[in-house]
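Residue strings, one per chain:
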Amino acid sequence: MFNIVHILKKTNKLFVFKEKIFLFFIILFYFLTRTIKLDNLPIFSDEAIYIHWAKVAWHDASWRFISLTDGKQPLQTWGTIPFLKLFPYDLLTGGRLFSVATGFFGLLGMITLLHYLFGKKTALIGAILYVVTPYFVFYDRMALVDSGVNAFFIWILFFSIVLIRTVRLDVALMFGILSGVALLAKSSVRIFIGLSALAPLLIISRKDKQTWTKTLNFFTLMGIVGIMSLVLYNVQRLSPFFHYVAEKNKTFIVTPEEFLHHPFALFVGNLKAVSLYTFWESGFLLPLCAIGGLILLYKKDKRMAIYLFCWFFLSFIIICSVSKVIFPRYLIFFAAIYTILAAYFIAHIGKYTSILLGIIIIISVFFSYPMIFDYTRISLPPIDRGQYVEGGTVGLGAREILQYARERSKEKPVIIITEGFFGMAGDVLDIFTQPNDKIFIKSYWPFDHTSYEENKKELQDHFVFVVLPYQSEYPQDGSVRLIRRYEKPGGKTAITFLEMIR
């Protein structure tokens, strides 16, 4: 029988008072590192798309599956809506709080997994690593689904181990619900569910006659997990746009036919990229400690070491073999594996535990501090610097543009015409509008002289502003005036803000 009081009492006994205080400060530090200056980093165009979807779905229930129009699963859209309701005048903060919440879900998963496998000491060390690791710090502060995918990775790994050890129906039911919800986050979650089928590696033994029976029972329960997952996943069929998910996946991974014609054509390039991205954004030392942790674990528990290695190695091979497009955020779950093994290594090196943990914290702070306080100095691979700091997808100045337009709208309504509508710049600007604004955004792609001509008639009753995130040139015939150019770090791109003149 379910008894919440019994569960709480049992959980309470897992840690002594000092450990509870220590855990409290770890959690407090997590929320400080994830929420301080949460809006400091300029909005990324993909963030604007996802927040815009949530905004539309919030106000119009018929569009609750709006993300499927671009082949994206709806979990982030649904999960963001409650935070937008809390911050209707600051949608960027609301959108990013979704990832703060999923990151906390991941932190709880890390503590639970490590405590279950290795005990309190390793769990507390793993919690510290999770809080300070730059990979997690950065993406737990972005309105992207990848923080949630990382959390689901940790919990799916945990439930796969619990299920093979207990072979219980109630565990399978919880696992199935978790997996079904996870499938509504991102297609890559299927890899994690598939890897769970390797869990019998933890129990297979020639000497134990019950092994094969237990394995059969495990796969029977995994069948239940799979059925429940598919039932929840297929709720998306309520939308006529569900088939776009499969089409979108073709943009990011090779099809079976493409793989058979050119097997491993992408492998070498992806091998270099995955290695560089995961080591860099994990702070370099963490993955090295993970290698040490794998070696130590193999000496003590070969089966668990092999199982964790399989999760890492097979994920690595699959991604390197079939991925057409790789960004570091797609690989964040590798940092979770590094954290698990590094925590084990640090917890089992005796008197050097405090020294090594201190060194990792210092290195992590070096990487993480700019992510919170000075985004221009963030140390990221060039591909991420381009996306989040320097490139055309960075919405630097968008908030200021809307503030300026809001002030001018006190005199008469404002129309903002923008270059681009999906992401940059239409969705980006829309995120900073407020419910009572007299501001109307009209987006054009491509943006050319007809975009100006079409809106000249509006000048009689409106102020008309122009936002150009990609073009640097604009008419010099006196029909527009430059208000400001928002130069991005590196000086490679800028957002040009103009006003049309009668």
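Here goes a summary of the coordinates provided. (Residues numbered from 1 in each chain as written. Predicted model: local features only at pLDDT ≥ 70, side-chain atom pairs only at ≥ 80, totals over all residues. Heavy atoms only, no water.)

### Thoughts on the packing of aromatic side chains
The following threshold applies: What counts as a ring pair is set by centres within 6.5 Å for rings of Phe, Tyr and Trp (its six-membered ring), and what kind of pair is set by the plane angle: stacked under 30 degrees, edge-to-face over 60, tilted for all other angles. The secondary structure listing takes helices from DSSP runs of H or I that are at least 4 residues long and strands from runs of E that are at least 2 residues long, numbered from the N terminus. A simple rule labels every residue: compare its accessible area, found with a 1.4 Å probe on the protein chains alone, to the largest value its type can have, and call it buried under 20%, exposed over 50%, or partly exposed in between. Ring-over charges, as used throughout, are those where CZ of Arg or NZ of Lys falls within 6 Å of the ring centre and within 35 degrees of the ring normal.
Applying the stated criterion across every chain, the model contains 52 aromatic pairs. Ring centres of Phe138 and Tyr388 lie 5.2 Å apart, and the angle between their planes is 55 degrees; on these two criteria the pair is classed as tilted. Of this pair, Phe138 sits in helix α7 (residues 134-139) while Tyr388 is found in helix α19 (residues 382-390), placing the two residues 250 residues apart along the sequence. In terms of burial, Phe138 and Tyr388 fall into one category: buried. With a centroid separation of 5.3 Å and 85 degrees between ring planes, the pair formed by Phe447 and Tyr452 is classed as edge-to-face. The exposure classification of Phe447 matches that of Tyr452, with both residues buried. Members of the aromatic cluster, each reached through a chain of ring pairs, are Phe153, Phe192, Phe279, Tyr307, Trp311, Phe312, Phe316, Phe333, Phe334 and Tyr338. Looking at Arg408, its charged tip hangs above the ring of Phe463, at a distance of 4.1 Å from the centre.

### Digging into the sheet that holds strand β3 (residues 463-468)
Sheet strands associate in pairs through backbone hydrogen bonding, adopting either a parallel or an antiparallel arrangement. Short version of the rule: We treat two strands as partners when DSSP finds at least two bridges between them. Here the axes come from fitting lines to C-alpha atoms, over the contacting stretch only for helices, and the angles between their N-to-C directions go from 0 to 180 degrees.
One open sheet holds the five strands; their spatial order is β2-β1-β3-β5-β4, and the pairing between them is mixed. On the outer flanks of this sheet lie β2 (439-444) and β4 (480-487), each paired with one strand and no other. With direction set aside, neighbouring strand axes in the sheet form an average angle of 20 degrees. Here strand β1 (residues 414-419) runs beside β2; their pairing, made up of six bridges, is parallel. By the bridge assignment for β2, Thr418 is matched with Ser443.

### Quick look at the layout of surface pockets
The condition that has to hold: Within this scheme a cavity is a closed region of a 1 Å grid, computed over the protein atoms alone, that accommodates a 1.4 Å probe without allowing it to escape, whereas a pocket is open but has protein on both sides within 12 Å along at least five of seven lines; lining residues each have an atom within 4 Å of a point. Grid points are joined across faces, edges and corners, and a volume is the space filled by probe spheres set on the points. Here the nonpolar group is Ala, Val, Leu, Ile, Met, Phe, Trp, Tyr, Cys and Pro; Asp, Glu, Lys and Arg are the charged ones; every other residue, Gly included, is treated as polar.
Its boundaries defined by the atoms lining it, the largest pocket holds a volume of some 1400 Å³. Contributions of two or more residues to the lining of the largest pocket are made by α1 (4-12), α2 (17-35), α5 (91-118), α8 (146-166) and α9 (169-183). Looking at which element gives the most residues to the lining of the largest pocket, the answer is α1, with seven residues. Tallied by class, residues from the lining of the largest pocket come to 17 nonpolar, six polar and four charged. Taken as a whole, the second largest pocket encloses approximately 860 Å³ of empty space. Lining the second largest pocket are 39 residues; nearest its centre among them are Lys186, Ser188, Asn249, Phe252 and Tyr330. Elements with a contribution of two residues or more to the lining of the second largest pocket: α3 (45-59), α4 (75-86), α8, α10 (189-195), α12 (244-252), α16 (302-322) and α17 (332-347). At four residues, the largest contribution of residues to the lining of the second largest pocket is made by α3.

### Some remarks on empty space enclosed by the protein
One pass over the full model with this rule turns up two cavities of 30 Å³ or more. As a volume, the largest cavity reaches approximately 50 Å³. Every residue along the wall of the largest cavity is listed here: Leu38, Leu41, Arg96, Phe138, Arg141, Met142 and Met371. Split by residue class, the lining of the largest cavity holds five nonpolar, no polar and two charged. In this structure, the second largest cavity spans a volume of roughly 40 Å³. Every element with two or more residues in the lining of the second largest cavity is listed here: α15 (285-300) and α18 (353-373).

### Thoughts on the packing of α16 against α17
Rules: In this scheme, roughly parallel covers angles under 35 degrees and roughly antiparallel covers those over 145, while 65 to 115 is roughly perpendicular and the rest are oblique. Working rule for handedness: look at the near helix, and if it is turned counterclockwise from the far one by less than a right angle, call the crossing left-handed; if clockwise, right-handed. Any pair of residues with heavy atoms lying within 4.5 Å of one another is described as a contacting pair.
Two numbers describe how α16 lies on α17: the axes approach to 11 Å, and their chain directions differ by 155 degrees. Considered as vectors, α16 and α17 are oriented roughly antiparallel to each other. Helix-helix and strand crossings are classified by hand; for α16 and α17 the assignment is left-handed. From α16, Leu308, Trp311, Phe312, Ser315, Phe316 and Ile319 reach across to α17, where they touch Phe333, Phe334, Ile337, Tyr338, Ile340 and Leu341. The class makeup of the residues in the contact of α16 with α17 is eleven nonpolar, one polar and no charged.

### What about a nonpolar patch on the surface?
We count it as follows: Exposure above 30% relative accessible area and the lack of any salt bridge qualify a residue for a patch; like charges then connect within 9 Å, and the nonpolar side chains Val, Leu, Ile, Met, Phe, Trp and Tyr within 5 Å. Note on areas: these come from Shrake-Rupley sampling with a 1.4 Å probe, and a residue is covered only by the protein chains present in the view. Salt bridge, as applied in this entry: a Lys or Arg side-chain nitrogen positioned within 4 Å of an Asp or Glu carboxyl oxygen.
A grouping of Phe17, Ile21, Phe24, Phe25, Leu28, Phe29, Leu32, Ile36, Val365, Tyr369 and Phe373 is seen on the molecular surface, where their side chains present a nonpolar patch of about 1000 Å² in accessible area. Every element with two or more residues in the nonpolar patch is listed here: α2 and α18. At seven residues, α2 tops the list of elements feeding residues into the nonpolar patch. Locating Phe24 in the fold gives a position in helix α2. Taking the relative accessible area as the measure of exposure, Phe24 reaches 48% and is therefore partly exposed.

### Concerning the environment of Ile295
Turning to its location among the elements, Ile295 is positioned in helix α15. Residue Ile295 is classed as partly exposed on the basis of its relative accessible area, which comes to 48%. A sequence separation of ten residues divides Ile295 from Ala305, and the C-alpha atoms of the two residues are 8.0 Å apart.

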